[in-house]
Structures are given as C-alpha cells and as structure tokens.
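# An overview of the molecular structure
Below are the chains, spelled out letter by letter.
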Amino acid sequence: MYAAYALQNAGKRVCVVDNSQEGILFGCIPTPDGQMEAVTFHNVDFMRWEPVVEWQGLDYEFVLVQLGSTPQQLCLALCSERILVTDCERGHLDYYHQLMQQSSMPVAVLLRSFCQGRNTAKKRKEYFAYGNRFIERWLLLPFDQADEAYRIEMQYGMLDQFPHISAGMERVLVKLLQMLKIQDRTRMVRAVRDAKQGKTAAIAYAGSRAAGKANAAKNTLGICGYRKVQGICRKEESVENCILE
C-alpha cells in the first residue's frame, strides 16, 4: 500500500490488484458497494481477482499484484520484479526457502519485524540464504510499534495518510523506488514524504477498469509473503520479475 502511493506521488499511474485468497488488502479500501471488484481511491486504482492474462493489458505504468501465500509459477513468471516479504519465524523462512527453490526465479527479500541488536538480522539472513542462490537483494525492516499500528489500523479504513511510519520503513520505500527505476533520489524522498502526508500527484490517470485496457502495462510487481503475495510487471523487460510479501 505504501509503495503504491509513493509511486503515485512520483508521478506514476498505479494499479493495485489483490489476487490473494484472503483479500485483506482490497478489504482496506472503502467502497460504496461491498460487492465491487474495482475502485479508485486517492488516485490509485484497486482491483480484486484480476485474471493473470489481463495484467499486461492494463493501462498503467505500474501494476502491483498481491498473489497470496502460495503463488502459481505462471504468476511469478509474469512479473518484472519479485519481492518476498517475511518475518523471521523459522517456519515461514523454511516455507519460502522451499518455494524459491521450486520457482527458480530471482527474488528480492524484505525481512521484517526483527528486533534490533544481538545480530538478529544477520543470523536470520545467513539461515535463509544457506543453499539459496535465488536471493537477488536484501531489504531490512526492523520491528517498530508505529509500523505495526498502521498495519492493523489500515485494515479498519485508515488509509488517508501514514505520517509516523518508522525511518526504517521510509528507507525501504526509497529502496523499492530505486528497484523500480525511479532514478532521482530527491524525487524519491519527496514522493515517500508526500505519500506519508496523504498527498497525491496530479497526473493523467485511467481511473477505471474499462479505461485501463487501452495499452499494455509497463511494470508488474509481484509481492508475496506468509498468507499474502504481490507482484509488478514491466513491458520493456517482458514480464518475468515479481515481489513476494
């Protein structure tokens, strides 16, 4: 969610697709009709259960797809970036270690919710990386009370702004924008800070499912993790990278 609004504030047309079984992300979006499967909120389009064959036809610069905890190999292959977001619980690390070996695709790993100190992150990284040659890069997000509070509160409709996210979360968002080829660092930092304050950029925007079919999506980001997965695809790189959360 944070990444979508940071990208939007960087002047990008963004769509978020929740294809997870649980639908927690889409459930965070206020809709006038509980049965709606597409809604625009603060200049970002959100969709529920968009078929994988439709991703590349969506008229956005970035499509972020939440895939669920057990993403299909085709879904992973159709993403231009793959990011796994996981905590340090051993069962979760073991599960995703096996999933990565099965998919044989490069993945960026966002390790979150670890306690700082005592080399916790270093030890968990070594454990997860042992025999795992598909880790493309690491992103580290230590536990912070403000981040955890926002994660829960957004499930109850608090999406307008998130001014008190941790410095660690800000750094991760800037690094994500770097991964997605937003080159100007000043622009990246400004985009993250504007998103924190609930601002949105004024850009030409498709704004609806029907309008979003005209041109192919440039980027599809797949993100997955324990009980949730997401993804992003890139037209110029075909569609072969994803993000796991």
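Residues numbered from 1 in each chain as written. Predicted model: local features only at pLDDT ≥ 70, side-chain atom pairs only at ≥ 80, totals over all residues. Heavy atoms only, no water.

## A few points about the overall build of the protein
Our working rule: Strands are runs of DSSP state E lasting at least two residues, helices are runs of H or I lasting at least four, and both sets are numbered from the N terminus onward. Residue exposure (1.4 Å probe, protein chains only): buried if accessible area is under 20% of the type maximum, exposed if over 50%, otherwise partly exposed. Here the accessible surface of atoms and residues is derived via Shrake-Rupley with a 1.4 Å probe, and residues count as covered only by protein chains that are part of the display.
Of the regular secondary structure elements, the protein holds 8 helices and 9 strands. Residues classed as buried in the protein amount to 52% of the 245 residues present. Surface exposure of the protein reaches about 11,400 Å², of which carbon and sulfur atoms provide 49%.

## Some remarks on helix 1 (residues 2-9)
Judged by how many residues are buried, helix 1 sits mostly within the fold: 8 of 8 residues are covered. Looking one or two places after helix 1, you find Gly11, whose phi comes out positive at around 90°.

## Let's talk about the pairing of strand 4 (residues 62-66)
Applicable threshold: Between any two strands, pairing holds if DSSP finds at least two bridges.
Taking burial as the measure, the 5 residues of strand 4 include 5 buried ones, the bulk of the element. Across 5 bridges, strand 1 (residues 14-18) lies against strand 4 in parallel orientation. Following the sheet pairing, Val17 is matched in strand 4 by Val65.

## Focus: the packing of helix 1 against helix 7 (residues 167-179)
Inclusion rule: Helix axes are fitted to C-alpha atoms over the stretch in contact, other axes to C-alpha atoms as well, and angles between N-to-C directions run from 0 to 180 degrees. Working definition: roughly parallel below 35 degrees, roughly antiparallel above 145 degrees, roughly perpendicular at 65 to 115 degrees, and oblique for all remaining angles. Each crossing gets its handedness from the near helix: less than a right angle anticlockwise from the far helix is left-handed, clockwise is right-handed. Here, residues are in contact when the closest pair of their heavy atoms is within 4.5 Å. In this count, Pro and Cys sit with the nonpolar residues alongside Ala, Val, Leu, Ile, Met, Phe, Trp and Tyr, while Asp, Glu, Lys and Arg are called charged and the others, Gly among them, polar.
In contact at an axis separation of 10 Å, helix 1 and helix 7 are set at 60° when each is read in the N-to-C sense. Classed by the angle they form, the pair helix 1 and helix 7 counts as oblique. Crossing hand, helix 1 versus helix 7: right-handed. Contacts between helix 1 and helix 7 involve Tyr2, Ala3, Ala6 and Leu7 from the first element and Met169, Leu173, Leu176 and Leu177 from the second. When the residues that make up the contact of helix 1 with helix 7 are grouped by side-chain class, the tally is 8 nonpolar, no polar and no charged.

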